[in-house]
Structure formats: C-alpha cells, structure tokens
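Summary of the model geometry
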Amino acid sequence: MNDPLAWVNGSDAPEKSSLDLGFMALTDCASLVVAATQGFAQPYGLTLNLKRQSSWANLRDKLVSGELDAAHSLYGLIYAVHLGIGGVAPCPMAVLMGLNQNGQSINLSRGLQTQGVVTPEALERHVHQSRTKLTFAQTFPTGTHAMWLYYWLASQGIHPLRDVNSVVVPPPQMVAHLQAGRIEGFCVGEPWSASAVKENQGFTLATSQSIWPDHPEKVLGCTQAFVDEYPNTARVLVMAILEASRFIEQGSENRRSTAQLLSAREYLDAPLDCIEPRLLGNYDDGLGNQWQDPHALRFFAGGEVNLPYLSDGMWFMTQFRRWGLLREDPDYLGVARQVQQLALYRQAAETLGIAAGDSEMRSSQLIDGKTWDGSDPAGYARSFRLHALADDASRQALR
Amino acid sequence: MLRILLINDTARKVGRLKAALTEAGFEVIDESGLTIDLPARVETVRPDVILIDTESPGRDVMEQVVLVSRDQPRPIVMFTDEHDPNVMRQAIRAGVSAYIIEGIQAQRLQPILDVAMARFESDQALRAQLHARDQQLAERKRIELAKGLLMKMKDCNEEEAYTLMRRQAMSRQQKLIQVAEQIIAMSELLG
C-alpha cells in the first residue's frame, strides 16, 4: 500500500493537517476564533480545533507537553518558559506572530472611588499615606498584565512589589474578587474591565495603551520543536491567522460581527455589550468619561501588529530583569533571535502581499518618557528609579 | 501493566499462551463466554490489547467491536499455529496490529506486543489525519459551492460573497460551513 501521506513529501503543504489551538476567554483571542471558524485555514489544507483553557498555567503546560500545537499566549509567558522562570523547566519556545496590540487596562474598585481615589496622583497619595497595603491583581506572574501593572504603578511613584500587594487571579474571576473586596484593583484584558464598569463594580483608571501606545500583547506561541518538525504547517497557520486578522479590521461591520461571534458560550461566554464597545474603540471609564481611543485593541493594521519584532520580545526580558524575575542579564538579543520567528513570519506575510519591512527593532516612547528601541537592553533594565534588581526582592516578585 | 483480553472460543488450547503472557508480566483476562457478549465485555474490561485466534468465529463479532468502539479503538492481535507469512501479511494489511504464533516463548511476547501497540498508535494517528483531511476537503467544496450560488444570487464578486457569508456566520455565532449549508439548502428549495 502506498503511504497516503507521501504526496506531502517535497511539497510545501502542511505536514500536519489538524491543529489544536489553545486560547483564553479574552477579546484579544479573536483572530484565532475567526480563523478557525470562518474557513481561513481550509484553503491551506488545515483544520484548526479551538481549545479553551481555564488558566494560563494550564495553557502553558499543554503547549510544552504537545497537547496543544500552538496557543494565544501572553508575550511574557512564552519568554518565561523559554528561560525557565516559574513552575517549569526551560523549554525552547517560539513566537510565530503578534496577535494584537493594546486593549488591556488597570481598574480600581468603587470603594477606592468613594474615598476619592480617581486619579493616579490620588492613588499615589493613598498608597503612601494609608497604613494598610492595597492588593492588586494581575493574571500571571510573568505575563503582560503583571508587567503593565508594575510599569504603570512605578511610573506613578508606587513600587509594585513593596508599596502594594500583587496577586494572581484568572481573568474571568476578576470582577467577583473585586466585588468581594479581596482586591482593590486589577490589570486585565477585555471584556473583564468593561464588565467591571458595566456591573458598576469598578472604574478604568488607565488603559495599557496609555502606558505604551501600540504595545505588544498576545502572541501566537508554540514550542521550537513544533516549528522544527512542522515548518510548513507553522507557516500556513500564520497565513490563515493573518488573513483572519485582516478580515476583522475590514470595516466596523466586521468588528461588530466578530464581537457577536466572541460572545458565544464556547468562546468568551460574556454579554455582547461588554465586548463590542471597546472592540470598536469606544471607551467608558465608569467615571463619566467617554472617548474614541486612537490606540484601541487592534489585530492587524496592515501587518504592523503581527511582525514579531526582536525589540518587543526583548522588552519583556528587560522587565523580568528589572523586577528581579531574572537575577542576571540574559543574552537579550540572542534569546530574542531564537524565540521570534521573523524569517518564517516574513515568508508568510510576503506570500499574502502583506508588508513585513526590513527592521528587526522598533522605537517607542513609554508613559514615563523613556524610549525603548532595543539598542541597550541591559542598560535599559537598570535605568529605572523603582526596581527590584536585588536578590531579596526577586523572591517577592516570584511569589 | 498491559491488560490483555484473550478471546478463547476455539478448540485450540490457549493454556500455554496464557501462561506465557502471564509469565511475561501481562494481566490476562480469559474470555470464554458467548461471543455475542463480546462488545459489552470489551466495554467493561477495557483491554489495552485484544488477542484472538485466527480461526475464531468471534472474529466477526470483533468487526462489530471495532465499529462500535471506533472512538476508543484498541489494537487487535491474532494468534495462530499456522506459520504462513501470507496469512499474517493479509491480516496485518486488514488492520490487525500483530500476530503471535502458538508456542511462542514468554520473553518474545513483550517486544511483539510493544510493536503492536506502537503500530496501532501510528495507524490511528494516520487515520485521524486522513479523516481530518477528507473532512476539510469536503467542507471546502461545500463552501465553494455556496459562494458560487451567492455570487449568482447577489450578483457580487468572490470576495464580497465570502465577506457576506462570514459576517452572517459570525453574527449568528456559527461556523462558515454552517452558513454555506444553509445557502445550499435554500437554493435547492428555491430550485
């Protein structure tokens, strides 16, 4: 009998025709859901099976074990696994593409609002004058939300590891914990901030895009072993998700129907009115301010969102270093070159006629006025007034 | 420890085979009841491997087991006292995972069963891949068909037709294939 898969040999068809993709119930998983359900992968001979996960740790473990082929992942999580920070042995990881930018936020409780804590300055005063420490939640010790929360607090003069308590709460449980008074604030992705505002449990004090306009957020992550074993599959997977990302941004009608799809029970299982407004850039902070955000959640922007810049990956390592999660400087550039699959991404983008540029770095100015362009990562990591570079503080950060 | 269901419904004495399996460290469940109960027994015993005589009338029943337990298939291993390589080759081609000759020594059983398990697993993986490929090819054809119908109905181009179908699917929290099927059904109804 002939091997029925023999035709694959020597062609660039996918080596594996059915992939299990992990995702967390967050608005920014949209491009995966749209790609898998709206026929974007079929033309490449690929079936995408969506697997919703209950926690980031679970998603990580399944990625490493191979139970998931690829997943909607926190940028920092991929680097933490690669570097062996946290609950797993180091495993070579890969970032296939960026999935989105912007769209996370820091929220405070109505309790703090009644005490007049409705501005960053008021929060800074409250933290330094009150005898009890406030407790802030984020979603994963090495995740993006921890890094946005720490960066923002520090930019306001609040030391995130000394002046406040930092705890981890899975995104869908944030509002319940806020309501129960177990936390006073949190940093999370949508729809869970909008949902706190909608349920009148809290208000949005800062968006993540106010910390870093067009910051990197979720990526399509997998193990390096997956890329090595199934290079064609990895490439067409990127192509299918790129096309879905482009589709989501073709007009507000597509964004609206994306919101409708996401609200289904098997994806976010959340009301449409918590998903749609902020997906369309319409913000309401719960304090009476409404605005159309110029740096709202975006999935494509002509491909700008999706290029896995080395400097984006390196930034997370500088923050791990800053907050003592890394006790020594890693080989920032070397590690980023291993993890970011720039060449594979460029092949995929160019096949689709999507601009992929020649640069490996991009330059951005963050909320504290500092510029990050990837040129001196070790110096940048050491350049902050508030930090936890000492060893005793690193234990706190790991807690 | 591997659990083996030994189907014992022929005149052949399986005593020696059973002893050899036990000696090799397997848990052997001797099944000598009515073959009609076989599917239920497989369901309750949940063996890792099913061993059956090539001459067993139960082999037809096993066909049923294979169909019923399609979602949780198990490797089937044959035993025989005939040393005819052609018979074995045919059976293996037909989906049997391995062959054991009566009178085999205990220490040779382990590698044979290991190979049977490995072969079975790779067969299953291949089968699942082929199934997925067939299915998505079929879906793709249906989506293409629906797109063509919609282009005619709406007098629009290919990309517009795709966008319309996708928007419809997304707002109704459905997959593209579901909307494609609805379009095809509607067009059949309207003739």
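Keep in mind that what you see is a predicted model, and the values were worked out from it rather than measured. (Residues numbered from 1 in each chain as written. Chains lettered and ligands numbered in written order. Predicted model: local features only at pLDDT ≥ 70, side-chain atom pairs only at ≥ 80, totals over all residues.)

Next up on the list: the confidence of the model for chain A. Detail in the predicted coordinates should be disregarded across regions flagged by low pLDDT. Model confidence for chain A is summarised by a mean pLDDT of 93, while 95% of its residues fall at 70 or above. Under a pLDDT of 50 for its full length, residues 1–9 of chain A has, in the predicted model, four contacts with residues more than four places off or in other chains. (pLDDT = per-residue confidence, 0-100. Contact = placed C-beta atoms within 7 Å.)

Counting residues at the interface gives 17 residues for chain B, matched by 19 residues for chain A. Looking at the side of chain B that touches chain A, the elements that each hand over two or more residues are helix H5 (106–154) and helix H6 (158–171) of chain B. It is H5 of chain B that provides the largest number of residues to the side of chain B that touches chain A, a total of eight residues. Here the side of chain B that touches chain A is composed, by residue class, of six nonpolar, four polar and seven charged. (Helix = DSSP H or I, 4+ residues; strand = E, 2+ residues; numbered from the N terminus. Nonpolar A, V, L, I, M, F, W, Y, C, P; charged D, E, K, R; others polar.)

Attention shifts here to the confidence of the model for chain B. Chain-level pLDDT for chain B is 78 on average; 69% of the residues reach the 70-or-more range. As a predicted assembly, this complex carries a pTM of 0.80 together with an ipTM value of 0.85.

This next bit is on the domain arrangement of chain A. Where the parts come together, the accessible area they lose is often given as the size of the interface. Residue and element names in this part refer to chain A. As assigned here, chain A comprises domain 1 (12–101 + 215–280 + 301–360) and domain 2 (104–214 + 379–398). Each of domain 1 and domain 2 has a C-alpha centre, and these two points are 25 Å apart. The interface of domain 1 with domain 2 comprises 35 residues on the first partner and 36 residues on the second. Taken together, the elements giving at least two residues each to the side of domain 1 that touches domain 2 come down to helix H3 (75–83), helix H13 (272–279) and helix H14 (310–322). Of the residues forming the side of domain 1 that touches domain 2, the biggest block, six residues, is contributed by H14. (Domains from an automatic or database assignment.)

Quick look at the environment of tyrosine 151 of chain A now. Residue and element names in this part refer to chain A. By the element assignment, tyrosine 151 lies in helix H6 (residues 144–155). Taking the C-alpha atoms as reference points, tyrosine 151 and isoleucine 211, separated by 60 residues in sequence, lie 7.8 Å from one another. Setting aside its immediate chain neighbours within four residues, tyrosine 151 contacts Ile211 and Gln319.

Turning next to the sheet that holds strand S2 (residues 47–52) of chain A. Note on sheets: strands pair through backbone hydrogen bonds, and any given pair is parallel or antiparallel. Residues and elements named next belong to chain A. The mixed open sheet is built from five strands, whose spatial order is S2-S1-S3-S10-S4. The two strands at the open ends of the sheet, each matched to only one other strand, are S2 and strand S4 (93–98). Each neighbouring strand pair of the sheet contributes to a mean axis angle of 35°, computed without reference to strand direction. Alignment of strand S3 (residues 70–74) against strand S10 (residues 218–223), held across four bridges, turns out to be antiparallel. Following the sheet pairing, leucine 74 is matched in S10 by lysine 218. Each of strand S1 (18–23), S2 and S3 is contacted by helix H1 (residues 30–37), which is oriented at about 135° to S2, the strand it contacts most. (Pairing = 2+ DSSP bridges. Axes fitted to C-alpha atoms, helices over the stretch in contact; angles between N-to-C directions.)

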